[in-house]
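So the chains spell out like this:
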Amino acid sequence: MRIIYLFLLLLPLTVACPNQNSTSSDVLELQSNNMDFKKWRITDFIDITYLLPAKFEKELESNYTIDKYSSQQKSISSLSLYFSIEKFTDTTATILKNVNNEKTNLNAIQKNYIRSIQNSLSQSNIEGFRTSELKRISKICLSQVIIQNYVRQYKWDTDYSKTYFIATKKIKNSFYVFQLIGKSENMKYLQDDFFKIVNSAK
């Protein structure tokens, strides 16, 4: 009976340790490589491929997309880092272009996605977020950044702001929106990794 009692006391320690080690190792690995991911893999999504850091795993809990059925979501939970890619057809882009009087289908998809994020933040009573100007990466790619200022609600809340990298790229007559979302203090070092993902898509 005494042995069983001791085992039950030690069980939480044996369960907790691996997670702590795994979290520290992900952070240390990123820091040791100048905040760049070491290992990358080719990832499939519908009819395209793109490069993604190997540590990303399928995200089952959070949803940062407009339509989860036409998107792919992944995360690195130990780094509070989320990634998504979502496909839009040329027909959808044309409708958005005409309804919102945009210059091009590419602009229409990008601006509609940005508006949907802004609306979501507003509905969640999150104030003070900032959105960058539209930046043209190439003829077929646009990007923007949203910084969500954190407002502490409870004394036990983790106090950090979120940064959203959002880029839209035209591939094979369809449009793909890429998102990378994480802690602002880390994201300033990960923008080059985000562009590596977007530029690799084909």
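You'll find the structure just up there.
In short, a report on the structure. Remember, predicted model here, so these are calculated numbers, not experimental data. Residue positions are given per chain, counted from 1 along the sequence in the order it is written. Residue-level local features of this predicted model are given only where pLDDT is at least 70; pairs of side-chain atoms are given and counted only at 80 or more, and the full residue set underlies all totals for whole chains, interfaces and linings. Hydrogen atoms and water are omitted, and side-chain values are computed over all heavy atoms in the structure.

Further remarks concern unusual backbone geometry. The phi dihedral of Lys172 falls on the positive side, at around 55°, and the residue is not glycine. Numbered from the N terminus, helices here are DSSP runs of H or I no shorter than four residues, and strands are runs of E no shorter than two. Within the element layout of this structure, Lys172 appears in the loop between β9 (162-171) and β10 (174-183). Whether a residue is buried, partly exposed or exposed follows from its accessible area with a 1.4 Å probe, protein chains only, as a fraction of its type maximum: under 20%, in between, or over 50%, in that order. Relative accessible area serves as the criterion here: at 54%, Lys172 is assigned to the exposed category. The residue Asn173 is not glycine, and still its phi comes out positive at about 65°. You can see Asn173 is positioned in the loop between β9 and β10. Owing to a relative accessible area of 57%, Asn173 belongs among the exposed residues under this scheme.

With that out of the way, let us pick up the environment of Thr94. On the secondary structure map, Thr94 appears in helix α2 (residues 90-100). When the C-alpha atoms of Thr94 and Asn105 are compared, they prove to be 5.7 Å apart, with eleven residues separating the residues in sequence. Polar side-chain contacts of Thr94 include one of 3.2 Å to the side chain of Asn105. Residues adjacent in sequence count toward polar contacts only when both atoms are side-chain atoms; beyond that, a polar contact is any pair of N or O atoms within 3.5 Å, and within protein one must be able to donate a hydrogen and the other to accept it.

This paragraph deals with the pairing of strand β5 (residues 81-89). Where strand β4 (residues 71-76) lies against β5, six bridges are found, and the strand directions are antiparallel. Directly across from Ser71, in β5, lies its bridge partner Glu86. We treat two strands as partners when DSSP finds at least two bridges between them. Turn length for the β4-β5 hairpin, with the two strands adjacent in sequence and antiparallel, is four residues, and the turn residue Ser80 shows positive phi of about 50°. Relative to β10, β5 runs antiparallel, the two sharing eight bridges. Residue pairing across strands places Lys87 opposite Tyr176, the latter belonging to β10.

A separate point is the pattern of salt bridges. A pair is scored as a salt bridge if a Lys or Arg side-chain nitrogen falls within 4 Å of a carboxyl oxygen belonging to Asp or Glu. Under the definition given, this model contains two salt bridges. Ionic pairing is found between Lys87 and Asp47, a salt bridge with its closest N-O pair at 3.8 Å. With Lys87 in strand β5 and Asp47 in the loop between β1 (40-45) and β2 (48-53), this pair connects stretches of sequence that are 40 residues apart. Among the residues examined, Asp47 registers a relative accessible area of 35% and is labelled partly exposed. For Glu102, the salt bridge goes to Lys111, with nearest N and O atoms at 3.3 Å. A relative accessible area of 13% means that Glu102 is categorised as buried.

Here we come to the packing of α2 against helix α3 (residues 105-123). Where α2 contacts α3, the two axes come as close as 8 Å, and the packing angle between them is 80°. Judged by the inter-axis angle, α2 sits roughly perpendicular to α3. Together, Asp90, Ala93, Thr94, Leu96, Lys97 and Asn100 of α2 and Asn105, Ala108, Ile109, Asn112 and Arg115 of α3 make up the contact between the two elements. Only Asp, Glu, Lys and Arg are considered charged, only Ala, Val, Leu, Ile, Met, Phe, Trp, Tyr, Cys and Pro nonpolar, and every remaining residue, Gly among them, polar. Here the residues of the contact of α2 with α3 sort into four nonpolar, four polar and three charged. Axis definition: a line fitted to C-alpha atoms, limited for helices to the stretch in contact. Angles are taken between N-to-C directions and run from 0 to 180 degrees. Oblique is the label for any angle not covered by the other classes, which are roughly parallel (under 35 degrees), roughly antiparallel (over 145) and roughly perpendicular (65 to 115). A contact between two residues is defined here by any heavy atoms of the two lying within 4.5 Å.

Time to look at the pairing of β1. In terms of strand pairing, β1 meets β2 through six bridges, oriented antiparallel. By the bridge assignment, Trp40 is partnered in β2 with Pro53. Where β1 folds back onto β2 in an antiparallel hairpin, the turn is made up of two residues, including Ile46, whose phi is positive at roughly 50°.

As far as function goes, none of this settles anything; it's purely spatial.
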